[in-house]
Each structure stands twice: as structure tokens, then as C-alpha cells.
Amino acid sequence: MGKKTQPPLLLLLFLSGLVHCSATFVFWTANVEISFVNSYNETEEKYCECGLYGRNSLRTRAFGIVTLPVGDPKGCGPDPVYNRNETSPPWIALVKRGNCTFGEKINAAKRLGAAAVVVYNVDGSGNSTTHMAHSDADEIVAIMIGNTQGMEIVRLVKNGIDVQMIISEGMAHGPWMDTYWLYFLSIAFFIVTAASIAYFVFISANRLYNMSMSKRNEKRLKSEAKKAIKRLQVRTLKRGDEETSSDSSMCAVCIESYKVGDVVTVLTCDHIFHKTCIEPWLLERRTCPMCKCDILKALGVEDDRKESFSAESPPDVTVITVTGDALYEVPLTDPGSLDPERQQHRYDNRAFEEDSEAARG
Ligand SMILES: [Zn+2]
Ligand SMILES: [Zn+2]
């Protein structure tokens, strides 16, 4: 049973892993729109879907005047200075990545009333961004933009230009949005399903095969045991026999003392039991209950069986022979019918009688 539960469990683990991975890989881009008055006194607008919402960021729209921290552009420390506060018009903190955690930068600006925090990447990283993790700083819009975009805005602000920024939600990106990933998932799913089915088929076939083999083996052993039983000596106990005169002598199967007239079977190891007690035992176990002596081995029935196997191979064909006045069906392939010992024990042995009756139909 333990084995049977493995494939569904693996499948479940695989799928939950997949869901977990998918949740980790999913991210949202942010549209970043800036507007400012240029040196020609014209309002210039720039737009790009170049921001990336942090993992713990609110994914809502935010707008305000871009504000840099005074001094350290990275906005670290417990009290970075921004020339704005909660009562100022909406403002967005623009800080550089590094020196402290994203959470620290975001929380510092949030405390001073920033509408959003934009972190730009380190020098030399071009337009690349990373998916910020800031579990200690949520409930605020926090995005990352590339170093190039960040530095461009920093230059404008440092030149005393008021830069208005609007952040809005862009597209959701996840593993499933990728065609290759979709192919990979389909193939992986197909492989896992096919492997599970193949495993089940293999296990079931194997189990069925083992069951049929053990049934066949059991049947064979039973028939061998019947043959062996037929060859065992059967006695009827008489007055004066050692077994009836001694109180300590008893049948180990039924734990009863022997009485005159009891029919007993003598095993190859010379142990004696009631015939009616030992025969069912031997059919099931084929060994002496007292000394575990194997009667099949002792009587060489296994070897007989192997020798006669080829003779038994053809399918049973019955012919009708006339013996006296009665009609009997005699299996042609029954080697027992030619066995002289079988005839000898015919009336001594119940197992054999059952056999004969069965053969006669
Ligand atoms: Zn008994
Ligand atoms: Zn014995």
C-alpha cells in the first residue's frame, strides 16, 4: 500500500513545487511617466514600462514630485533628510540602491509621508532591475527602475527642475506567460502523467503475475502433498500397540490420546498422528508438526513431479473406457492412474478418494 501512494504523492509535491515556484517568479512591471519643463520652457513628457514593483509593494497608481534625499543618495539611516514632509504636496522619494536594505530605505521615506519610493539600480547596471524583497516595508508603492533611467531623473532634479512622476500598474509577468515555459510545463506534465500511469500498470501487472504464480505454486504443492499423503503408511491401532498402552502418547494435532481402533498415519520421520488430523495439516503445510520434516522431500515427490511435468503438459483429454458395467471417465494425462502405490492406498486415504471422485466427475 505504501508503494501505491508514492506516485500521487510525488505528483502532488511536483505540482505544489510548481505553484510555489510560479508564485515566486511572478512579477508586475510598472509604467513610469515623468513630465517636466525643459530649458526651452516646454513641457516634456517621458514614458516607459521600465519599473518593477517590489514583492511587498502596493500595486496601485501613485504620483508626486520626485524628491531626492539630502546628502546620501541611498536614503539609508534612521533619519534621511528629504526636503518634504507629510504636509507637502504628494512626493515620490527617488533613492539609489545599496548600503542598507530596501525595507530600510522604503520605511524611512514612508515615515516622512512619501507617496511612493522609487529605487534605482547601482552604477553600471544599465537598465536592469531586480524584484525587490521588502517584507518589513509594505503598504506603500515601491518600485525599482534601471540605473540609466534613475540617473537621468536625478540629473533633472539636481538641476532644480520639478519632475512630476506617475506610477501605474503595468503587465503581470510569470512563468506561464512564457511560451517556452508553457511547453516545458506541458511536457513535464505529460511525462509525469505517463510515468505515473506506466508505474501503475507495471505494479498492477507485477502484482497480478505474482498472484497467479503463487496460486499456481500453491496448487502444485497441494497436488504434490496429495501424492505424498497417498504414499504414507496408514495403520489402525490395536490393543497392545505401544501407542494405545502409553498415556503419554498422543496426537500432537488434536492433543488427544490414542485409542484402540484409531486410524493413524505414520509420517516419514516415524511420527504418528490421527489420519483425520494430519491430512488437512499436510495438505496446507507439507511438514511434520513435530519435527518439521518435509514429506515431499522425504518421499521425493518434488522430483517425481519434475519428471512427470512434460507428461502433464498436454491439456487434459478424457476418454471413456468400459470397466465392467459402469462407464468411467479416466484422464489420459493423470499419471496417478498408472501409479501402483496409488492403487494400494486407495481405500486407506481420504485425500486420494476425493481425487478419484473428482476425476470421475
Ligand atoms: Zn489427532
Ligand atoms: Zn516428525
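Residues numbered from 1 in each chain as written. Chains lettered and ligands numbered in written order. Predicted model: local features only at pLDDT ≥ 70, side-chain atom pairs only at ≥ 80, totals over all residues.

Time to look at the overall build of the protein. Looking only at helices and strands, the protein features 10 helices and 14 strands. For the protein, the share of sequence-separated contacts (at least 6 apart) that also reach a separation of at least 24 residues comes to 63%. (Helix = DSSP H or I, 4+ residues; strand = E, 2+ residues; numbered from the N terminus. Contact = placed C-beta atoms within 7 Å.)

For the rest of this paragraph, the subject is the sheet that holds strand β12 (residues 272-274). The sheet built from three strands is open, its strands ordered β8-β11-β12 with antiparallel pairing. The open sheet has two edge strands, β8 (233-236) and β12, and neither has a second partner. Put simply, the sheet's adjacent strands are angled 35° from each other on average, direction ignored. As judged from the four bridges shared by β8 and strand β11 (residues 263-266), these two strands associate in the antiparallel manner. Bridge pairing links Q233 to V266 in β11. The sheet contacts of helix α6 (residues 275-285) involve β8, β11 and β12, and relative to β12 the element is tilted by about 100°. (Pairing = 2+ DSSP bridges. Axes fitted to C-alpha atoms, helices over the stretch in contact; angles between N-to-C directions.)

In this section: the UniProt feature "transmembrane region" (unreviewed entry) in the protein. Taking the numbering used here, the UniProt-annotated feature "transmembrane region" (unreviewed entry) corresponds to residues 180-205. Taken end to end, residues 180-205 has its terminal C-alpha atoms 37 Å apart, with 100% of it in helix and 0% in strand. (UniProt positions renumbered as here; feature names shortened; annotations may be inferred.)

Our focus in this paragraph is the sheet that holds strand β4 (residues 91-96). Note: strands within a sheet are paired through backbone hydrogen bonds, in either parallel or antiparallel orientation. The seven strands lie next to each other as β1-β2-β6-β5-β4-β3-β7, forming a closed barrel whose pairing is mixed. Across the sheet, the mean angle from the axis of one strand to that of its neighbour is 40°, orientation sign disregarded. Of the pairings in the sheet, the one linking strand β5 (residues 116-120) to strand β6 (residues 141-145) comprises five bridges and is parallel in character. By the bridge assignment for β6, V119 is matched with M144. Strand contacts of helix α2 (residues 102-111): β4, β5 and β6, with the helix running at about 140° to β5, the strand carrying the most contacts. Its contacts with the sheet place helix α3 (residues 147-158) against β1 (27-37), β2 (43-53), β3 (62-67), β4, β5 and β6, and it is angled at close to 120° to β4.

As a packed pair, helix α4 (residues 179-231) and α6 sit with axes 8 Å apart at the nearest point and diverge in direction by 145°. Viewed along their axes, α4 and α6 form a crossing whose handedness is right-handed. Of α6, the residues touching α4 (which contributes K222, A225, K226 and I229) are E279, L282 and L283. (Left-handed = near helix turned anticlockwise from the far one by under 90°.)

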